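# Coordinates in review
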Amino acid sequence: MTIFPERVFSGIQPTGHLHLGNYLGAIVKFVALQETHECLFCVVDLHAITVAQDPVELRKAIRRIAAAYIASGVDPVKNIIFSQSQVGEHAELAWVFNCVARLGWLNRMTQFKEKAGKDRENVSVGLFAYPDLMAADILLYRATHVPVGEDQKQHIELARDIAHKFNNDFAASIVANGHDGPFFPLPEPLIQGPAARVMSLRDGAKKMSKSDPSDFSRINLSDDAEAIAQKVRKAKTDAEPLPCEIAGLAGRPEAENLVGIYAALVDGSREDVLLEFGGAQFSAFKNALVEVAVAKLGSVGGEMRRLENDPAYIDNILREGAQRARNLARPVMDQVKDILGLIR
Ligand code: TYM
């Protein structure tokens, strides 16, 4: 039976503004996992081009994600930080997975339905096949754990389905090629925590998103202390004081969101936050929230800007990261080719 050593893979698209949802849902987990696991953190630029991108902006955005990783405390020596397009094996394995995944599976992807909207006939084929590339990202490194926000859960489930089908369809060839069990692990999503789904500051029913036209809907990683304070103070709330227990958050999405954000920022639980602030008015709670948000994010934005002003440094990290990633990816891709019956 194959034993897969624990390995972490995750990625962020270089599109729009990096925000508090990306930070709490993903990056904070990366920073913690680097202490215990071998990790690869990718800038998924091939996913970004599934929709139209301005080439000049895209190049900046790729560097900005790498800068955000490093500014948040992801160590580029200890971990592999790289961009997806610099390791050709991602696209190579994605093609194989296009041939493994079923049309019906992809038709069920809610994120595709949301993104394509009514204009389904006019979106790129890449947008539809997006989850196959994501499965390739993860499985190319036979990664076992994938830290992501709640919105990526369905995509990771699809990656598991693809891994399972590949293992089954090619079971005999996998054994014939010297493996004594499944070739791909079934990767586990790491989603837990109070900020797995950070909502818009303007509407507790909408996810905080890079593409929301209202800048007041999100706290950007690049925001300075003043902008953070302004956005938190303007955040939508209701008229009641904060409840003392979790049950009291039911039907109060904005309150629930701010409590979850606070909890995640102090690395605590929502219960602890309500123990401290239950009965308080939002004005007082928001002051405390500004304080913890600025303490945690204030330095990240500044460091990101400093790194973005040194593109040669970032490009060098990406180039070295890609080399290290390729050293892991190539043997896996070669084995996949052998298993499929392709000649190399
Ligand atoms: P992306 O670029 O949309 O988001 C990057 C990460 O941020 C998380 N996230 C959130 N978490 C909590 N609350 C929110 N409002 C919020 N918004 C975004 C996302 O869940 C994600 O973890 N398809 C992926 C990128 C990707 C990937 C991968 C991830 C490509 N290949 C392989 C993991 C493994 C995406 O578009 O994430």
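Cut-offs and rules
- Positions within a chain are numbered from 1, following the residues in the order the chain's sequence is written.
- Reporting in this predicted model follows two pLDDT cut-offs: at least 70 for local features of residues, and 80 or more for side-chain atom pairs to be given and counted; totals over whole chains, interfaces and linings ignore these cut-offs and use all residues.
- Side-chain descriptors were evaluated using all non-hydrogen atoms of the structure, hydrogens and water having been removed beforehand.
- Any residue with an atom within 4 Å of a point lines the site, the site being either a cavity, points on a 1 Å grid over the protein atoms alone where a 1.4 Å probe fits but cannot get out, or a pocket, an open set with protein on both sides within 12 Å along at least 5 of 7 lines.
- Grid points are joined across faces, edges and corners, and a volume is the space filled by probe spheres set on the points.
- The rule for a residue being near a molecule or strand is that one of its heavy atoms must lie within 4 Å of it.
- Whenever a nitrogen or oxygen atom comes within 3.5 Å of another N or O atom, the pair is scored as a polar contact, on the condition that within protein one atom can donate a hydrogen and the other can accept it, and that pairs from neighbouring residues in sequence are kept only if both atoms are in side chains.
- Shrake-Rupley sampling with a 1.4 Å probe provides the accessible areas, and residues are treated as covered by the protein chains on show and by no other component.
- Put plainly, a molecule is in a cavity or pocket when over half of its atoms are within 2 Å of the grid points there.
- Here a helix means four or more residues in a row that DSSP labels H or I, a strand means two or more in a row labelled E, and each is numbered from the N terminus.
- Under this grouping Gly is polar, as are all residues other than the nonpolar Ala, Val, Leu, Ile, Met, Phe, Trp, Tyr, Cys and Pro and the charged Asp, Glu, Lys and Arg.
- Every angle, taken between N-to-C directions, lies between 0 and 180 degrees, and every axis is a line fitted to C-alpha atoms, over only the stretch in contact when it is a helix.
- Working definition: roughly parallel below 35 degrees, roughly antiparallel above 145 degrees, roughly perpendicular at 65 to 115 degrees, and oblique for all remaining angles.
- By the definition used in this description, the sense in which the near helix is turned from the far one sets the handedness, with an anticlockwise turn below a right angle giving left-handed and a clockwise turn giving right-handed.
- Here a residue-residue contact requires only that any non-hydrogen atoms of the pair lie within 4.5 Å.
- Every helix has an expected span of 1.5 Å times one less than the residues it contains.
- Buried residues are those whose accessible area, probed at 1.4 Å on protein chains only, stays under 20% of the maximum for their type, while exposed residues exceed 50% and partly exposed ones sit between those limits.
- As used throughout, domain bounds are those supplied by an automatic or database domain assignment.
- Each of two parts loses accessible area, computed with a 1.4 Å probe, when they are put together; buried area is these two losses added.
- Salt bridges are identified by distance alone: a Lys or Arg side-chain nitrogen within 4 Å of an Asp or Glu carboxyl oxygen.

## Focus: empty space enclosed by the protein
On inspection of all chains with the given rule, the structure shows four cavities of 30 Å³ or more. By volume, the largest cavity is sized at about 60 Å³. Around the largest cavity, the lining residues are Met109, Gln111, Phe112, Lys115, Leu127, Tyr130, Pro131 and His155.

## Looking at the site of the ligand
Around the ligand, 28 residues are found, and the nearest of them are Tyr130, Asp137, Asp151, Val198 and Lys210. The separation between an oxygen atom of the ligand and a polar side-chain atom of Tyr130 is 2.7 Å. In this structure, a nitrogen atom belonging to the ligand sits 3.0 Å away from a main-chain N or O atom of Met208. When isolated, the ligand has an accessible area of 710 Å², and the protein chains bury 96% of it. Mapping the ligand onto the cavity grids shows that it belongs to the largest pocket. At the level of elements, strand 1 (7-12), helix 1 (20-33) and helix 7 (125-139) are the ones that each hand at least two residues to the shell around the ligand. For the shell around the ligand, the residue count by class is 13 nonpolar, 10 polar and five charged.

## With respect to the packing of helix 4 (residues 89-100) against helix 14 (residues 311-340)
The contact between helix 4 and helix 14 brings their axes to 10 Å, and the two run at 25°. Judged by the inter-axis angle, helix 4 sits roughly parallel to helix 14. Crossing geometry of helix 4 relative to helix 14 is assigned as left-handed. Between helix 4 and helix 14, the contacting residues are Glu89, Glu92, Leu93 and Val96 on the first element and Arg326, Ala329, Arg330, Met333, Val336, Lys337 and Leu340 on the second. Of the residues belonging to the contact of helix 4 with helix 14, the class tally is six nonpolar, no polar and five charged.

## Some points on the layout of surface pockets
Here the largest pocket defines a volume of roughly 1,200 Å³. Around the largest pocket, the lining comprises 45 residues; the ones closest to its centre are Gln13, Gln111, Asp151, Gln152 and Lys207. Going through the elements one at a time, strand 1, helix 1, helix 2 (45-48), helix 6 (110-116), helix 7 and strand 4 (145-147) are the ones with two or more residues in the lining of the largest pocket. In terms of residues, the lining of the largest pocket owes the most to one element, helix 1, which gives five residues. In terms of residue class, the lining of the largest pocket is made up of 17 nonpolar, 18 polar and 10 charged.

## Re helix 11 (residues 253-265)
Here helix 11 is 13 residues long and its end C-alpha atoms lie 18 Å apart, about the 18 Å a rise of 1.5 Å per residue gives. Of all 13 residues in helix 11, 11 are buried; the element is thus mostly enclosed. Of all the positions in helix 11, only Glu254, Ala255, Asn257, Leu258, Val259, Gly260, Ile261, Tyr262, Ala263, Ala264 and Leu265 are classed as buried. Buried-residue contacts for helix 11 involve helix 1, helix 12 (270-277) and helix 13 (282-308). Positive phi appears at Asp267, one or two residues downstream of helix 11, with a value of about 60°.

## Some remarks on the domain arrangement of the protein
Per the domain assignment, the segments of the protein are domain 1 (7-197 + 310-340) and domain 2 (215-306). Spacing between the C-alpha centres of domain 1 and domain 2 amounts to 30 Å. Counting residues at the interface gives 16 residues for domain 1, matched by 18 residues for domain 2. Taking both partners together, domain 1 and domain 2 bury about 1,400 Å²; carbon and sulfur atoms supply 75% of that area. Looking only at domain 1, the three residues that lose the most surface to domain 2 are Leu20, Tyr23 and Pro194, adding up to 39% of its buried area. Across the contact surface, domain 1 and domain 2 share zero salt bridges. At the surface where domain 1 touches domain 2, the tally comes to two residue pairs in polar contact (both at pLDDT 80 or more). Contributions of two or more residues to the side of domain 1 that touches domain 2 are made by helix 1 and helix 3 (55-72). Of all the elements, helix 3 adds the most residues to the side of domain 1 that touches domain 2, at five residues.

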